[in-house]
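Letter by letter, the chains look like this.
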Amino acid sequence: MTERVVEVDGIELCVESFGDPAHPPVLLVMGTGASMLWWEEGFCRMLAEGGCFVIRYDHRDTGRSVTYGAERPAYTGADLVADASRVLDAHEITAAHVVGVSAGGALAQLLALHYADRVRSLVLISTSCAVSVERELPPPTEELMRFFADAHVDWSDTDSVIDHQVAYARTLAGGRRPFDEAAARSLVLRDVERAHDFTAVRHHDALPDGELPDVPLSSIAVPTLVIHGSADPMFPIAHGAVLAGQIPGAKMVTLPDAGHGVERADWAIITAAILEHTAANGR
């Protein structure tokens, strides 16, 4: 396990790797607004022990990557897609199996569409279609919408920020399983303490898409696995089913009663699915 800050094209990104660099590379792309800590260390080690070289990294304005503070950043969602390619450049990796969760799943799709030579295969978790499709998709659940409407957080008060983030994690968990508040609070605390400026993460809330050609998902030519929880409040499970249907040959794994994200209760299933997928597609 090695954490370091790399600079590519003048952009400083904090990266961490697990496993043998000689093994097939797996790049983990977290959702926007979340640092690499949300790919928990135990999860990364399970993939590494399964024979993968695992890389996680902090997006801009999260963790220890470049942070723009109170300034309005000039970067876009398209730049976050390019950052995934930059992380591979920093490791001198031509192409990797790319695993994205939530908005990171959208970034992974766009990477496969616009940097196709960098992607060996895709695993898309708790996400939706990154480009427009001719299907009507369900909105977030009423409970999640109420959370957004009622949430109050004082970003100058660390305790208020932590309470807000834990409450958000609880809502995203979907409500069908026991919620481990102690584990969530510990993770959020580490995330806040580790960040250069945790308040800068709010930049992701208003990030413009940037300029990427509108290419259909049917153009994705790499083997794709979609993993989705049946109780996902952000993207109800129809999002995963439609996404799998849009990408030629994509397969789907449903996680019963799972919410939004990579929950510890599902690590064994998710890592086994990723390892099987990568083994079948050019490890």
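To be clear, the structure that these remarks concern was listed above.
An account of the accompanying structure is given in this report. Not measured: the values here are computed from a predicted model.

**Quick look at the sheet that holds strand S5 (residues 96-101)**
Right, on to step 1. One open sheet holds the eight strands; their spatial order is S1-S2-S4-S3-S5-S6-S7-S8, and the pairing between them is mixed. Edge strands, defined here as strands with exactly one partner in the open sheet, are strand S1 (2-8) and strand S8 (251-255). Going from strand to strand, the sheet's axes swing by 25 degrees on average, the running direction of each strand aside.
Right, on to step 2. With four bridges connecting them, strand S2 (residues 11-18) and strand S4 (residues 53-57) associate as antiparallel partners. By the bridge assignment for S4, valine 15 is matched with tyrosine 57.
Right, on to step 3. On the sheet, helix H7 (residues 238-246) packs against strand S6 (119-125), strand S7 (224-229) and S8 and is oriented at approximately 170 degrees with respect to S7.

**Notes on the pattern of salt bridges**
Two side chains of opposite charge can pair, provided their charged atoms sit close to one another.
Right, on to step 1. Summed over all chains, the structure comprises 16 salt bridges.
Right, on to step 2. A salt bridge links glutamate 16 to arginine 56; the nearest nitrogen and oxygen atoms lie 2.6 Å apart. Note that glutamate 16 is positioned in strand S2 and arginine 56 in strand S4, a separation of 40 residues in sequence. Side by side, glutamate 16 and arginine 56 carry an identical accessibility label, which is buried.
Right, on to step 3. By sharing partners, the salt bridges in this structure join Glu3, Asp58, Arg64 and Arg194 into a single network.

Definitions and limits used
Throughout, a residue's number is its position along its own chain's written sequence, starting from 1. In keeping with the predicted nature of the model, local features appear solely for residues at pLDDT of at least 70, side-chain atom pairs appear and are counted solely at 80 or more, and the whole-chain, interface and lining totals rest on all residues. Hydrogens and water molecules were not included; the side-chain quantities draw on all heavy atoms of the structure. Following DSSP output, two strands are said to pair if at least two bridges run between them. Runs of H or I in DSSP of at least four residues are treated as helices and runs of E of at least two as strands, each being numbered from the N terminus. Here, axes are lines fitted to C-alpha atoms. For helices the fit covers the stretch in contact, and angles between N-to-C directions go from 0 to 180 degrees. What makes two residues a contact is simply this: any of their non-hydrogen atoms within 4.5 Å. The working definition used for a salt bridge is a side-chain nitrogen of Lys or Arg within 4 Å of a carboxyl oxygen of Asp or Glu. Each residue's exposure class comes from its accessible area (1.4 Å probe, protein chains only) as a fraction of the maximum for that residue type: buried when under 20%, exposed when over 50%, partly exposed otherwise.

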